[in-house]
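# Structure assessment
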Amino acid sequence: QVRVVESGGDLVQPGGSLRLSCAASGSIFSINAMGWYRQVPGKQRELVASITSGGSTNYLDSVKGRFTISRDNAKNTVYLQMNSLKPEDTAVYYCNADIRYNSGGNVFRYWGQGTQVTVSS
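Everything numeric in this text was worked out from a predicted model, so none of it was measured.

## A few points about the pattern of salt bridges
Proximity of charged atoms lets side chains of opposite charge pair with each other. Taken as a whole and judged by the stated rule, the model has five salt bridges. Put simply, Arg66 and Asp89 hold a salt bridge, and the shortest N to O gap is 2.8 Å. Of this pair, Arg66 sits in the loop between β6 (57–59) and β7 (67–72) while Asp89 sits in the loop between β8 (77–82) and β9 (91–100), and the two are 23 residues apart along the sequence. In this pair, the class of Arg66 matches that of Asp89, namely buried. The salt bridge partner of Arg109 is Asp98, with a shortest N-O separation of 2.7 Å. Of this pair, Arg109 sits in strand β10 (residues 107–111) while Asp98 sits in strand β9, and the two are eleven residues apart along the sequence. Using a relative accessible area of 12% as the deciding quantity, one classes Asp98 as buried. When salt bridges that share partners are traced, they join Arg38, Glu46, Arg66 and Asp89 into one network.

Written as structure tokens, this is what we have:
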């Protein structure tokens, strides 16, 4: 079995910073891409940032220059450093990981349970 667990969500004032973490554990041979999505009530989940196993990154336009995604492959962990936070960044943030159980096997996407980020004064 595989578990994906996020942490780091909190209440922060506008202009503040937070660092989210997401760790995958269990029967893992390798992890391809990992990413962070966010969702607010009544809206579709949107991709915030993603990172490949080789370190290539992709960002939502509205977070470019403020958020940084990184990963530690040895720890099967992905991070999202969020700076200059705005009220519109308020959402539940979800992590995903594209996991392979064995060499040459299929890749399966796993999701975490979500962590709440609230930006408010």
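Still more to cover.
## Digging into the pairing of strand β4 (residues 30–39)
Sheet topology note: the β4/β9 ladder contains eight bridges and is antiparallel. For Trp36, the partnering residue across the bridge sits in β9 and is Cys95. As judged from the five bridges shared by β4 and strand β5 (residues 46–51), these two strands associate in the antiparallel manner. Counterpart to Tyr37 in the pairing with β5 is Leu47. From the end of β4 to the start of β5, which pair antiparallel, there are six residues, and Gly42 there has a positive phi angle of about 85°.

## Quick look at the packing of aromatic side chains
Per the stated rule, a full pass over the model turns up three aromatic pairs. With a centroid separation of 5.0 Å and an interplanar angle of 65°, the aromatic rings of Tyr37 and Trp111 are classed as edge-to-face. Here the residue Tyr37 occupies a position in strand β4, and Trp111 occupies one in strand β10, the gap between them amounting to 74 residues. Overall, the relative accessible area of 35% leaves Trp111 in the partly exposed class. Site record: aromatic cluster; members linked through ring pairs are Tyr101, Phe108 and Tyr110. A cation over a ring is seen here: Arg19 above Tyr79, with NZ or CZ 4.0 Å from the ring centre. Residue placement shows Arg45 over the ring face of Trp111; its charged tip is 4.8 Å from the ring centre.

## A look at the sheet that holds strand β1 (residues 2–7)
Here we have four strands laid out as an open sheet, ordered β1-β3-β8-β7, and antiparallel in their pairing. Where the open sheet ends on each side, the last strands, each with one partner, are β1 and β7. For this sheet, the mean angle separating the axes of adjacent strands, direction not counted, is 15°. Examined bridge by bridge, β1 and strand β3 (residues 18–26) share six bridges and lie antiparallel to one another. Bridge pairing in β3 links Val5 to Ala23.

What counts, and at which threshold
Residues numbered from 1 in each chain as written. Predicted model: local features only at pLDDT ≥ 70, side-chain atom pairs only at ≥ 80, totals over all residues. Heavy atoms only, no water. Salt bridge = Lys/Arg side-chain N within 4 Å of Asp/Glu carboxyl O. Helix = DSSP H or I, 4+ residues; strand = E, 2+ residues; numbered from the N terminus. Buried < 20%, exposed > 50% of the residue type's maximum accessible area, 1.4 Å probe, protein only. Pairing = 2+ DSSP bridges. Phe/Tyr/Trp six-rings, centres within 6.5 Å; stacked < 30°, edge-to-face > 60°. Lys NZ or Arg CZ within 6 Å of the ring centre and 35° of its normal. Axes fitted to C-alpha atoms, helices over the stretch in contact; angles between N-to-C directions.

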